[in-house]
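Structural characterization, general
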Amino acid sequence: TVLSSVTSDGFLQCLSDNIPVGLIYTQGSSNFTDVLVSSVRNPRLFTSATVRPLCIVTPVDASHVQAAVRCGRASGVRLRVRSGGHDYEGLSYRSERPEVFGVVDLSNLRAITVSADDDERPVPPTAPSAWVDSGATLGELYYTVAKNNPELAFPAGICPTIGVGGHLSGGGIGMMMRRFGLSVDNVLDAKLVNASGDLVDRAAMGEDHFWAIRGGGGESFGVVVSWKVGLVKVPSTVTAFNIVKTVADQGAVDALTKWQDVAPGLPTDITIRVIIQGQRATFQSLYLGSCSDLVPVLNSSFPELGMTSADCLEMTWLESAAFFQFWNRRTPVEALLDRKTSLSTFTKNKSDYVRRAIAKEAWESIFSWLTMDGAGMIILEPHGGFIGTVPDGATPYPHRSGVLYNIQYITFWSAGGEQEGATATAWIGSFYEFMEQHVSESPREAYVNYRDLDIGENVVVDDVSTLDSGRVWGEKYFAGNFQRLAAVKGVVDPTDYFRNEQSIPPQSTAS
Ligand code: FDA
């Protein structure tokens, strides 16, 4: 149901009574669209048909987030929270169905404070921690941490413009997860505005609520304003490489087939992910050590790769963060601070997990999919190591023990190209169907941070998302943890105030 303008007026009035008006952009504001697109990463979700918010609030203090939630509750207007705007389905700033809602854009809340002392953590090795606001980007976090001390780092994803808020809400897979776990495995505390508008930390929200926000997906459990993260110790020199293998004459199929057995079992300080596009597989690696130690290990465990010291690029960990994004070791690390996103490319993404190595003949077929019209690319992220030792229920991310690797499917086309878009979308859909036989089943797993609305959307009945509709997509993202997430939601937000097309539905506490 669409709210009446009377309710919307009440909401806007409440906001302007409680938040400096300069931080509120209504549809009539001259810069409304500029602010709205400022962090849109996938303009496929931003067309003339997109359901836009009534207003955007850009808090500079947690009290403004609290005011927005209280005004929204009082007037029955929902809020969508945006940190970095990288949601693959744009759920942080648009609604799939007609709806009156406001956006709380956290991009002004991006302070990062590194503590001086070592933290007492069960996860080795202990290192200092940092408080990072949700509106900071991963690039800003990496830069600030490493400039403070080049032997400190944080394990998280590759694209530097990703927002900390959404990323940490969904997991955080990256080049150091085999050694240190996901980003969420390194979250120690958080400050969150709950459905009553109160600002609570870990102790005040309780362990169930704190468990849910570390990977249960954004939006569902309140607005996380700030996170306390455990930093990790890295050597002053790390080694990176990109080794390309073509199918025709460099043995890409053999190397990939072998990679599946090798990569998840390598020493945890070696990560080799694979990017496959066209008839080429790029083996991209980070080793937390120097070249001379890496070469013999890979030559004995993975001779098909043919790695030599000529492939090694030795650099600092911060430089490696820039290298994996820009594929050029000369790009200055300051490029990690650039928050600008481009509106030139539309994308559609999907994901899978592989628990049994895919046979060589099947890889030959997979490569033929990558030559078809509309073909994009796939990225394989090895698991195993530390990430596989964390129990499935320790955080909402269930893809742990027994997972060999994650697959991300990506297709892209130039903005607005309708025919191109139809071909690309058809390709990714059919390829995903073809892959069913090769990937995890019951449930077919998916990664919540690679948001995909094709796997299911909530149905809302009597103004509450139903548990049955949520289970369809929820068990793919969270497996056995879905039920616990729904139970937590039932306690912390029983009326389903914080919701979107794939938010956790509340399990009624009465039942
Ligand atoms: P955005 O602001 O769009 O939010 C995403 C979701 O979280 C929305 O539902 C939003 O409402 C909610 N949310 C945001 N801030 C919140 C807050 N403070 N409190 C509560 N809810 C909040 N992932 C990965 O693990 N490893 C990787 O290497 C990559 N690489 C990558 C590259 C590129 C180019 C893209 C576009 C995406 C990735 N990702 C990724 C996926 C990425 O982790 C995922 O899209 C994150 O949710 C993005 O977080 P943002 O804050 O940018 O998104």
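Conventions used here
Residues numbered from 1 in each chain as written. Predicted model: local features only at pLDDT ≥ 70, side-chain atom pairs only at ≥ 80, totals over all residues. Heavy atoms only, no water. Near = heavy atom within 4 Å. Polar contact = N/O pair within 3.5 Å; in protein donor to acceptor, adjacent residues only side chain to side chain. Areas by Shrake-Rupley, 256 points an atom, 1.4 Å probe, with all protein chains shown as cover. Helix = DSSP H or I, 4+ residues; strand = E, 2+ residues; numbered from the N terminus. Domains from an automatic or database assignment. Contact = heavy atoms within 4.5 Å. Buried area = accessible area lost by both parts, 1.4 Å probe. Salt bridge = Lys/Arg side-chain N within 4 Å of Asp/Glu carboxyl O. Buried < 20%, exposed > 50% of the residue type's maximum accessible area, 1.4 Å probe, protein only. Pairing = 2+ DSSP bridges. Axes fitted to C-alpha atoms, helices over the stretch in contact; angles between N-to-C directions.

Moving on to the site of the ligand. The environment of the ligand is made up of 33 residues, and the closest members are Val81, Ser83, Ser92, Val224 and Tyr447. Within the backbone of Asp87, an N or O atom sits 2.9 Å from an oxygen atom of the ligand. Taking Val224, its main chain carries an N or O atom lying 2.8 Å from a nitrogen atom of the ligand. Protein chains shield 94% of the accessible area of the ligand, which is 960 Å² for the free molecule. The set of elements that each furnish at least two residues to the shell around the ligand consists of β3 (78–82), α5 (164–170) and β10 (223–230). Per-element accounting of the shell around the ligand gives the leading share, four residues, to α5.

What follows covers the domain arrangement of the chain. A common measure of how large an interface is: the accessible area buried when the components associate. For the chain, the assigned domains are domain 1 (5–105), domain 2 (112–233), domain 3 (238–314 + 344–455) and domain 4 (460–474 + 485–511). Each of domain 1 and domain 2 has a C-alpha centre, and these two points are 24 Å apart. Taken residue by residue, the interface counts 13 residues in domain 1 and 17 residues in domain 2. It is Val81, Ser83 and His86 in domain 1 that bury the most area against domain 2; as a group they hold 36% of the surface buried on that side. Our count for the domain 1 to domain 2 interface comes out at one salt bridge. The salt bridge involving Asp198 is made with Arg70; its shortest N-O contact spans 3.0 Å. On the surface where domain 1 and domain 2 come into contact, there are seven residue pairs in polar contact (both at pLDDT 80 or more).

Among the ten residues of strand β16 (residues 345–354), nine are classified as buried, and the element is accordingly described as predominantly covered. Two elements, β16 and strand β18 (residues 405–414), share ten bridges in a ladder whose sense is antiparallel. Looking at β18, one finds that Thr345 is bridged to Ser414.

So, on to the pattern of salt bridges. Proximity of charged atoms lets side chains of opposite charge pair with each other. Tallying each qualifying case throughout the model produces 32 salt bridges. Salt-bridge contacts for Glu381 lead to Arg273; the nearest nitrogen and oxygen are separated by 2.9 Å. Residue Glu381 is found in strand β17 (residues 377–382), and its partner Arg273 is found in strand β13 (residues 270–277); the two are separated by 108 residues along the sequence. Considered together, Glu381 and Arg273 belong to a single accessibility category, that of buried residues. One network of salt bridges, with partners in common, ties together Arg78, Arg80, Glu99, Asp463, Lys489, Asp493, Asp496, Arg499 and Glu501.

Read across the open sheet, the four strands follow the order β1-β2-β4-β3; overall the sheet is mixed. At either end of the open sheet lies a strand with only one pairing partner, and these are β1 (24–26) and β3. Direction aside, neighbouring strands of the sheet carry axes that sit 20° apart on average. Judged from the five bridges that link them, β3 and strand β4 (residues 101–105) form a sheet pairing that is parallel. Following the sheet pairing, Arg80 is matched in β4 by Val103.

Attention shifts here to the sheet that holds strand β14 (residues 280–287). Read across the open sheet, the seven strands follow the order β15-β12-β14-β13-β17-β18-β16; overall the sheet is antiparallel. With partners counted over all chains shown, the strands left at the sheet margins are β15 (313–315) and β16, one partner each. Averaged over all pairs of adjacent strands, the angle between strand axes in this sheet comes to 20°, irrespective of strand direction. Sheet topology places strand β12 (residues 238–246) next to β14; eight bridges connect them, and they run antiparallel. In the sheet register, Thr239 faces β14, and the bridge partner there is Tyr287. Packing against the sheet, helix α12 (residues 360–369) makes contact with β13, β14, β17 and β18, and its axis sits at approximately 140° to β17.

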